[in-house]
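Breakdown of the fold
Read off the chains here:
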Amino acid sequence: MTATLGTVPAELSGKVVTPDDARYRSLRSTYTTVGSPAAVVRPESAGDVAAALRLARETGLRVAVRSGGHGLSGSGTNDGGLVIDLGAMHRVEVVDRASRLVRVEAGARWAQVARALAPHGLAISSGDHGNVGVGGIATGGGVGWLVRRYGLTIDHVRAAEVVLPDGTFVRADAHNEPELLWVMRGAGAGAGIAVAFEIEAMELSGIGYVQLAAAVDPAGDTLRRWAETMREAPRELSSAVMLASRGTRTTAFITAVVASDNPAVIRDTVQPLLDIGEVTAQEAHVAPYTALVPTQHLHANTGQMPSATTNGLLTEMTPDAAGALVTASAGPRPVLVQLRSLGGATHDPNPSATAFAHRHQSTLVIGSAFPSDNRGALAAAWAPLAPHTDGAYVNFESAPDETTFARAYPAATGARVTDLWKRYDPDGLLRPRP
Ligand SMILES: Cc1cc2nc3c(=O)[nH]c(=O)nc-3n(C[C@H](O)[C@H](O)[C@H](O)COP(=O)(O)OP(=O)(O)OC[C@H]3O[C@@H](n4cnc5c(N)ncnc54)[C@H](O)[C@@H]3O)c2cc1C
């Protein structure tokens with residue numbers, strides 16, 4: 001393998017992990033995908049990232065970029081190529097407490113970010129799992145536990161430090177390289193390798209965390225009432241639903257998170273959700289934000305969760321859409337169906353402000369099939385739902401192709417993303433591919 005790599009640049013000495021290295025076993029794979037790269041480079045600085053890109057060009061090895069390794073398509077590894085794994089770059093610092101400006105390196109996991117910010121009374125809504133990496137979320141979107149209060153993670157990225165495929169280092173912000181900042185906020189994967197982000201965090205002393213279980217009727221009226229309740233809810237309330245079916249009986253397991261540590265506010269905010277149907281179980285806690293993305297989530301990725309995943313956005317939960325959701329969960333070839341409330345702060349930005357253009361939809365729907373099932377099961381379950389969707393989120397797609405690109409980046413947004421990917425990466429070194 002070293003022969004394929006040729007001479008490793010001096011600055012990467014000790015940072016290139018080949019299959020004969022004891023570290024290779026825990027670095028070769030991502031969460032969904034077992035990989036066999038020729039080497040994994042572990043840069044410790046932007047200069048190291050540039051050196052790794054140079055090495056890839058010189059050797060002709062195909063590049064995979066990895067921050068946390070939770071990407072669903074497994075694009076954070078490959079077979080026979082060079083993985084640039086940013087995991088050693090995980091510093092988190094509060095740059096300016098007054099303006100809540102935080103600098104986060106791309107290889108940090110969101111559990112580490114939450115832990116570092118908690119003593120400052122700050123938090124960044126990112127996703128639902130603490131092991132997910134900063135890089136994938138902060139370049140793709142970030143539908144987190146406080147999404148209706150905070151918006152997407154990318155909505156608060158004020159600057160991105162990027163190594164372009166030609167090795168140039170750029171700090172992109174509103175004044176310097178604003179087009180690079182635009183594309184890094186939602187479609188960053190094809191433009192450059194972000195090594196750090198400056199993100200405006202939110203003040204947060206604690207959250208309300210409520211778990212409910214509600215019986216779902218075959219027509220999905222319960223889901224329609226959930227969606228209606230969320231549409232009217234104050235933005236302090238965000239919620240996620242997981243559908244679980246046994247035979248023809250479907251249950252919605254609902255997690256509601258309130259951006260407040262005041263028990264009375266939490267109770268009043270969540271109350272309308274108790275009326276969506278037959279609510280059979282409930283539990284409520286006041287907790288620190290770190291309880292939602294705890295460091296207990298941190299783990300090595302070994303390809304332990306192979307799955308097929310797709311998603312779509314709903315503008316409205318129509319009767320047909322609700323029925324299709326229940327059928328996908330309880331039909332003859334069921335898949336795991338999850339819903340995430342949008343609205344609130346996700347609707348604030350102008351659709352053209354970032355590369356994530358979807359600013360009017362109310363619900364993100366995610367469908368997943370696990371190994372005992374297959375991609376065919378997902379396609380079959382998803383087909384009746386697809387006509388009800390209005391766009392998609394790039395980060396919940398395990399088989400990206402031209403069709404999924406067009407759903408994630410519609411019309412003028414897609415044209416602008418394509419132009420910018422060509423401008424910053426003319427040789428397509430980083431371009432996402434199926
Ligand atoms: C268990 C689980 C829970 C999840 N929950 C949520 C959730 O609640 N909300 C949500 O929004 N998403 C969620 N996701 C999806 C998540 O947003 C994506 O999987 C995301 O890509 C993961 O980021 P990562 O850095 O860990 O991924 P990686 O596998 O490291 O990277 C995936 C791809 O993203 C791009 N990328 C990563 N880092 C960089 C970088 N620094 N610069 C440029 N491009 C980069 C590259 O193309 C890379 O191949 C979840 C995924 C899983 C597996």
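Rules used throughout
- Per-chain numbering applies: the sequence of each chain, read as written, is numbered from 1 onward.
- Residue-level local features of this predicted model are given only where pLDDT is at least 70; pairs of side-chain atoms are given and counted only at 80 or more, and the full residue set underlies all totals for whole chains, interfaces and linings.
- With hydrogens and water excluded, all non-hydrogen atoms of the structure serve as input to the side-chain values.
- Annotation comment: domain bounds sourced from an automatic or database domain assignment.
- Contacts were defined at the residue level, with two residues in contact if any of their heavy atoms lie within 4.5 Å.
- Once two parts are brought into contact, the accessible area they lose, counted with a 1.4 Å probe and summed over both, makes up the buried area.
- By definition here, a salt bridge exists when the distance from a side-chain nitrogen of Lys or Arg to a carboxyl oxygen of Asp or Glu is within 4 Å.
- Side-chain atoms alone can form a polar contact between residues adjacent in sequence; in general such a contact is a pair of N or O atoms within 3.5 Å, and within protein one must be able to donate a hydrogen while the other accepts it.
- We count a stretch as a helix when DSSP gives it H or I for four or more residues in a row; a strand needs E for two or more, and each element gets its number in order from the N terminus.
- Residues are grouped as follows: Ala, Val, Leu, Ile, Met, Phe, Trp, Tyr, Cys and Pro are nonpolar; Asp, Glu, Lys and Arg are charged; all remaining types, including Gly, are polar.
- By this definition, two strands are paired if DSSP reports at least two bridges between them.
- Only the contacting stretch of a helix is used when fitting its axis, a line to C-alpha atoms as for every element, and angles between N-to-C directions run 0 to 180 degrees.
- Three labels apply to residues, based on accessible area from a 1.4 Å probe with only protein chains included: buried if under 20% of the type maximum, exposed if over 50%, partly exposed otherwise in between.

What follows is about the domain arrangement of the protein. Annotation of the protein at the domain level lists domain 1 (13-88), domain 2 (92-204) and domain 3 (207-287 + 305-399). A straight line from the C-alpha centre of domain 2 to that of domain 3 covers 25 Å. Taken together, the contact between domain 2 and domain 3 spans 23 residues of the former and 31 residues of the latter. At the boundary of domain 2 with domain 3, total buried surface from both sides reaches about 2100 Å², with 59% on carbon and sulfur atoms. Ranking the residues of domain 2 by area buried against domain 3 places Val143, Trp145 and Arg148 at the top, with a combined share of 40%. Put simply, domain 2 and domain 3 have three salt bridges between them. In this structure, Arg359 engages Asp155 in a salt bridge whose closest nitrogen and oxygen atoms are separated by 2.7 Å. For the pair domain 2 and domain 3, the number of links is 16 residue pairs in polar contact (both at pLDDT 80 or more). Within the residue set of the side of domain 2 that touches domain 3, elements represented by two or more residues are helix H5 (134-140), helix H6 (147-150) and helix H7 (178-187). The biggest single contributor to the side of domain 2 that touches domain 3 is H7, with five residues. Class assignment of the residues belonging to the side of domain 2 that touches domain 3 gives a composition of 12 nonpolar, six polar and five charged.

Moving on, we come to the sheet that holds strand S16 (residues 308-314). Pairing between the strands of a sheet comes from backbone hydrogen bonds, and it takes one of two forms, parallel or antiparallel. Taken in spatial order, the seven strands line up as S15-S12-S14-S13-S17-S18-S16 in an open sheet, and their pairing is antiparallel. For this open sheet the edge positions go to strand S15 (279-287) and S16, each flanked by a neighbour on one side alone. For this sheet, the mean angle separating the axes of adjacent strands, direction not counted, is 15°. Each of strand S12 (207-216), strand S13 (237-246), strand S14 (249-258), strand S17 (336-341) and strand S18 (363-369) is contacted by helix H8 (residues 221-232), which is oriented at about 170° to S13, the strand it contacts most. With respect to the sheet, helix H11 (residues 375-382) is in contact with S16 and S18, its orientation differing from that of S16 by roughly 15°.

What follows is about H7. Burial analysis of H7 places eight of its 10 residues in the buried class, the great majority of the element. The inward-facing, buried residues of H7 contact H5, strand S8 (157-163), strand S9 (169-173), strand S10 (193-200) and helix H13 (411-424).

With that settled, the discussion passes to the pairing of S12. Judged by how many residues are buried, S12 sits mostly within the fold: seven of 10 residues are covered. As defined by bridge partners, S12 adjoins S15 across eight bridges and the pair is classed as antiparallel. Opposite Ala213, over in S15, you have Ala281 as the bridge partner. The pairing of S12 with S14 spans nine bridges and is antiparallel. Bridge pairing links Gln211 to Thr255 in S14.

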